[in-house]
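Okay, here's what each chain looks like letter by letter:
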Amino acid sequence: PSSDCVVAEQLCLSDSTCNATYRTLENCALAKTHLLSLDHDSRVRCLNAELDLGNSSLLHCKCHRRMKRQEHCLRIFWTVHSSMTDAENNCESPLPSTVEHWKTDYNKLAALVSGRNCSQLAGDATNPCLKATHVCNLSKKCFRLRTDYASICTKGAGSEDVCDRRKCHRGLRNFFEKVPEAFTKRILFCPCQDEFCGERRRKTIVPDCSFQYNTKPNCLWLLDSCLEDHICKSRLADFQQNCQPVDMSPDGCSLHNHAACLQAYMGMIGTPMTPNYVSNSSVEVSLWCTCENSGNQKEKCDQILGMFESNKCL
């Protein structure tokens, strides 16, 4: 099994040789984070330090999605892999896939959670998104964490005040990380037949705060913001790995695992590269960004946007 990066770091720091190598990598990662240009000798020293780890558990460690100290764990991972910071590198994801089984019998689930009659759900049959929300409300944990992020994300949104996007994103991550996927996937991916249902689905993540800016930024700016954040960078690598499209594949997916792709997509919500549905009448998704005025990086920008807009696997 993949070792925990926090445990691997402790083992490394207790060994003088590994400790020295790791400290070198920390300096390399720090330089990358602050966009400092390294001279040739420094770059070679950083690459050699990464190679010197050899078969160390640090080199092969992972971070688990719902673990404590996740951000610290991800910082360790990207310190060890400090040469892999660009989207084009497609670095192996630090988050191993742990897809939950989520075929849910709503009435049975609601009865188990609430211990009461579920006839109140019968009226929601034509609106699966409303039904999914009601089932969430019957779980104390789902209801509490959904209420938490909703109250944070709606405070100031749509008025002259500006909502606290960072807190909103943290609340969304908290919800999607801590609530079982039997609830979260049903709320986010509920199938709709009409625009009222679609509008509810589109507003699941409170887009006025978590998704939209007054004007659309360039997608490369979103990418840069993501790569400066350990959580976002890790989840982007996870998304690229699990939602890699392949034209020749029958299902358009390189790993043929759509559940893992949906899980990786959910992981992007609450990061600087938060995606969402583009309208209340389709299941098309996108980032809130544009590739206008990208100059000679237009192709790279289109690739970033295309990961969400035209990804057959997703």
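Summary of the structure given here. (Residues numbered from 1 in each chain as written. Predicted model: local features only at pLDDT ≥ 70, side-chain atom pairs only at ≥ 80, totals over all residues. Heavy atoms only, no water.)

Thoughts on a positive patch on the surface
- Residues K155, R166, K167 and R170 make up a contiguous surface patch of positive charge.
- Along the chain, the position of K167 falls in helix α8 (residues 165-178).
- K167 gets classed as partly exposed once you look at its relative accessible area, which sits at 45%. (Patch = residues over 30% accessible without salt bridge, like charges linked within 9 Å, V, L, I, M, F, W, Y side chains within 5 Å. Areas by Shrake-Rupley, 256 points an atom, 1.4 Å probe, with all protein chains shown as cover. Salt bridge = Lys/Arg side-chain N within 4 Å of Asp/Glu carboxyl O. Lys, Arg positive; Asp, Glu negative; His and termini not counted. Charge placed at Lys NZ, Arg CZ, Asp CG, Glu CD. Helix = DSSP H or I, 4+ residues; strand = E, 2+ residues; numbered from the N terminus. Buried < 20%, exposed > 50% of the residue type's maximum accessible area, 1.4 Å probe, protein only.)

Comments concerning the packing of aromatic side chains
- Per the counting criterion, the structure on display carries 7 aromatic pairs.
- Between F77 and W78, the aromatic rings sit 5.0 Å apart at their centres with planes inclined by 85 degrees, giving edge-to-face as the arrangement.
- For F77, a relative accessible area of 4% gives the class buried.
- Given the relative accessible area of 3%, W78 is considered buried.
- Among the aromatic residues, those joined into a cluster by ring pairs are Y149, F175 and F176.
- Its end group placed over the ring of Y213, R165 keeps NZ or CZ at 3.9 Å from the ring centre. (Phe/Tyr/Trp six-rings, centres within 6.5 Å; stacked < 30°, edge-to-face > 60°. Lys NZ or Arg CZ within 6 Å of the ring centre and 35° of its normal.)

Some remarks on helix α10 (residues 195-202)
- Three or more residues of α10 are buried, namely C197, G198, R201 and R202. Taken end-on, α10 shows its buried residues confined to a sector of 135 degrees, consistent with a single buried face.
- Buried-residue contacts for α10 involve α6 (128-137), α9 (181-188), α11 (207-210) and β1 (275-277).
- At the N-terminal end of α10, a side-chain oxygen is found 3.0 Å from the backbone nitrogen of F196, two or three residues along, and the residue is D194. (Arc of directions from axis to C-beta. Contact = heavy atoms within 4.5 Å. Polar contact = N/O pair within 3.5 Å; in protein donor to acceptor, adjacent residues only side chain to side chain.)

A few points about the environment of I152
- Here I152 lies in helix α7 (residues 140-154).
- Between the alpha carbons of I152 and C163 there is a distance of 8.0 Å; along the sequence they are 11 residues apart.

Thoughts on the packing of α6 against α9
- Remark: α6 packs on α9, axes separated minimally by 8 Å, with the N-to-C direction vectors making an angle of 155 degrees. By the angle between their axes, α6 is roughly antiparallel relative to α9. The interaxial crossing formed by α6 with α9 has left-handed handedness. For the pair α6 and α9, contact is made by A132, T133, V135 and C136 and by F183, R186 and I187, respectively.
- Looking at side-chain class alone, the contact of α6 with α9 contains 5 nonpolar, 1 polar and 1 charged residues. (Axes fitted to C-alpha atoms, helices over the stretch in contact; angles between N-to-C directions. Parallel < 35°, antiparallel > 145°, perpendicular 65-115°, else oblique. Left-handed = near helix turned anticlockwise from the far one by under 90°. Nonpolar A, V, L, I, M, F, W, Y, C, P; charged D, E, K, R; others polar.)

Things to note about the state of the cysteines
- All told, the structure shown has 14 disulfides when counted by the stated rule.
- Between the sulfur of C28 and that of C46 lies a disulfide, 2.0 Å long from S to S. On the sign convention where negative is left-handed, the bridge of C28 and C46, at about -95 degrees about the S-S bond, is left-handed. Taken together, the positions of C28 in helix α2 (residues 16-33) and C46 in helix α3 (residues 40-52) put the pair 18 residues apart, joining distant regions of the chain. Residues C28 and C46 agree in their burial class; the two are buried.
- Here C163 pairs with C209 through a disulfide, and the sulfurs are 2.0 Å apart. Taking the torsion about the sulfur-sulfur bond, which here is approximately 100 degrees, the covalent link between C163 and C209 counts as right-handed. (Disulfide = S-S within 2.5 Å.)

A word on unusual backbone geometry
- Its identity is not glycine, yet V206 carries a phi of approximately 50 degrees, on the positive side.
- In this fold, V206 is placed in the loop between α10 and α11.
- With phi around 60 degrees, N293 is a residue other than glycine that occupies positive phi space.
- Tracing the backbone through its elements, the reader meets N293 in the loop between β2 (285-287) and α15 (298-309).

Considerations on the pattern of salt bridges
- Scanning all chains against the criterion turns up 8 salt bridges.
- A salt bridge links E26 to R23; its shortest N-O distance comes to 2.9 Å. Linking E26 with R23, this pair stays in helix α2, spanning 3 residues, or about one helical turn.
- Relative accessible area serves as the criterion here: at 22%, E26 is assigned to the partly exposed category.
- Of the charged contacts, one joins R235 and E177 as a salt bridge, the two residues approaching to 2.2 Å between their closest N and O atoms. Here the residue R235 occupies a position in helix α13 (residues 230-242), and E177 occupies one in helix α8, the gap between them amounting to 58 residues.
- Each of E9, R23, E26 and R75 takes part in one network of salt bridges that share partners.

Structural notes on the packing of helix α12 (residues 219-227) against α13
- Direction vectors running N to C along α12 and α13 enclose 110 degrees, while the axes themselves pass 6 Å from each other. By the angle between their axes, α12 is roughly perpendicular relative to α13. Two secondary-structure elements touch here, α12 through L223, C226 and L227 and α13 through C232, K233 and L236.
- In the contact of α12 with α13, the residues fall into 5 nonpolar, no polar and 1 charged.

So, to be careful, I would describe these as geometric facts and stop short of saying anything about function.
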